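Structural description and commentary
Chain by chain, the residues:
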Amino acid sequence: MLLKSTRSEGESARFKDAIFIGLAPDGGLYYPAETIDFTGLYRSFTGETSFNTIATEMTAAFLRDETDREGARRIVERAFDFEPALVDVGEGIRVLELFHGPTCAFKDFGASFLASSMEEFLQEGKERAIILTATSGDTGSAVARAFYGKKNIDVIILYPSGRVSPLQEKQLTTLGGNIHALEVQGSFDDCQRMVKEAFNNGALKREFSLSSANSINIGRLFPQSFYYVWARMRMEKDPVFCVPSGNFGNITAGLYAAHWGLPVERFIAATNANNVVPEFLATGVYKTRPSVSTHSNAMDVGAPSNYERMETLYGGDVENFRRRIQGDWITDGETEETMSRIYRDHGYLMCPHTAVGYRAAEKFRALRGDSPVVTLSTAHPGKFVEVVDRVLGVQPELPPPLLALLDREKKAELVKSDAGEIERYLRAHF
Ligand SMILES: *Cc1c(COP(=O)(O)O)cnc(C)c1O
């Protein structure tokens, strides 16, 4: 699949190279530049088609110039030993649970597929790669878990000492093997600066084949389209997809699935108070601003990077956007109210991010009761014990994959917040 950068037509790469490059050299994001029509492929699926079959078929079609169907099957089989679930919660609303993976959040889908693709394409060339990533807690754990045990790939994770939760620290530091944790005596911004400086050192980057695995990577975005297709096949009518959004990667993957031929009524982009996209959809003016902190903190983004990808899809014309997407934003007060009420009325516990989407889905249904809504659940409520406990007065159970980590031993190297520390670590270990 030929990809282009959102910033210049001339900047292009094949999928199998772009996943190692990450951000395009001009600072843009890679997007599929070929015309894709999966209408026939989608028609071959039914409500019985398994998630892995859908994923394999879509991968084989998407990467038809880069691997054969056997390669596509290998990538998918290695990536997914988990799948989504669709549950009815309230009248006309279904929750698409995306938290049944190893770190109990939807980012497992993207991270697992990226890791598996990298392993596949490295084996072809018998090369090695080192993934360098900074994390403030949550996203790093999905990456760490996804790359654990992958052949010819090592991962170095930088995290700020004392500033991630104890459970997050366990997720980053107890795997061992090819996952290396550097505990930085500084802030998350220091970690990011160190990683950036290492990448800016061209000689070092080449010598150790440094790559990134952050959320803008096309290898994380593409697989997120699979679960929209999987869910659509299980609906009788064209659904409305409601997506709790921060960086807008998740919803962009859905927009792609629809653009490639999936019958969908429309999309709702649901945000918390960081509402630059809903505001754009309402006023036609796109204006980023610093983020504010909310209960749904994984969505506290003031300048969503995937806006650029949506813009290439719709040409920056707000009327084109409006034909496919509408926006809504939900306050912390409404988020709390929704979590409490749905728990009380339906016995269903949801994380604050999921509650933002659920509330937006309810508001849509109140105006347009005829369309079924599928709202995406992005994380297991047990990951947000503090908020859930404070709002509902119940301690959610920690999901088993995370519970198992608590007894494991932390292994991390304490380092100063100095970019030279990464080079020193690389020379000492690789
Ligand atoms: C990352 C994340 C989101 C936001 O997803 P985007 O793709 O950035 O829009 C929502 N909920 C949870 C739990 C997340 O981790």
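Read on for a plain summary of the structure.

1. Quick look at the sheet that holds strand β5 (residues 93-97)
Strand order in the open sheet formed by six strands is β4-β5-β13-β10-β11-β12, with mixed pairing between adjacent strands. Of all the strands in the sheet, just β4 (85-88) and β12 (325-329) have a single pairing partner and so form its edges. Direction aside, neighbouring strands of the sheet carry axes that sit 25° apart on average. Inspection of the sheet shows strand β10 (residues 240-244) paired to strand β13 (residues 373-377) by three bridges, in the parallel sense. Bridging from a neighbouring strand, V240 pairs with V373 of β13. Packing against the sheet, helix α12 (residues 249-259) makes contact with β10, β11 (266-271), β12 and β13, and its axis sits at approximately 175° to β11.

2. Focus on the sheet that holds strand β7 (residues 153-160)
Strands sit in the order β9-β6-β7-β8-β14 across an open sheet of five strands; the sheet is parallel. Of all the strands in the sheet, just β9 (210-211) and β14 (413-416) have a single pairing partner and so form its edges. Strand direction decides the pairing type here: strand β8 (residues 179-185) and β14, joined by four bridges, are parallel. Considered in β14, the bridge of V184 is made with V415. Against the sheet, helix α5 (residues 107-125) engages β6 (129-134) and β7, with an angle of about 145° to β7. Running at roughly 150° to β6, helix α8 (residues 188-200) makes contact with β6, β7, β8, β9 and β14 of the sheet.

3. Some remarks on the pattern of salt bridges
Tallied over the entire structure, the rule returns 32 salt bridges. Across the salt bridge formed by R78 and E120, the nearest N and O atoms sit 3.0 Å from each other. You can see R78 sitting in helix α4 (residues 69-79) and its partner E120 sitting in helix α5, a full 42 residues away along the chain. Of the residues examined, R78 reaches a relative accessible area of 30% and is grouped as partly exposed. Owing to a relative accessible area of 4%, E120 belongs among the buried residues under this scheme. One salt bridge in this structure joins R424 and E413, with 3.3 Å as the shortest N-O distance. Note that R424 is positioned in helix α20 (residues 420-429) and E413 in strand β14, a separation of 11 residues in sequence. The partly exposed category is assigned to E413, whose relative accessible area is 28%. The network of salt bridges with common partners includes D328, E334, E337, R341, R359, E362 and K363.

Rules behind the numbers
Residues numbered from 1 in each chain as written. Predicted model: local features only at pLDDT ≥ 70, side-chain atom pairs only at ≥ 80, totals over all residues. Heavy atoms only, no water. Pairing = 2+ DSSP bridges. Helix = DSSP H or I, 4+ residues; strand = E, 2+ residues; numbered from the N terminus. Axes fitted to C-alpha atoms, helices over the stretch in contact; angles between N-to-C directions. Contact = heavy atoms within 4.5 Å. Salt bridge = Lys/Arg side-chain N within 4 Å of Asp/Glu carboxyl O. Buried < 20%, exposed > 50% of the residue type's maximum accessible area, 1.4 Å probe, protein only.

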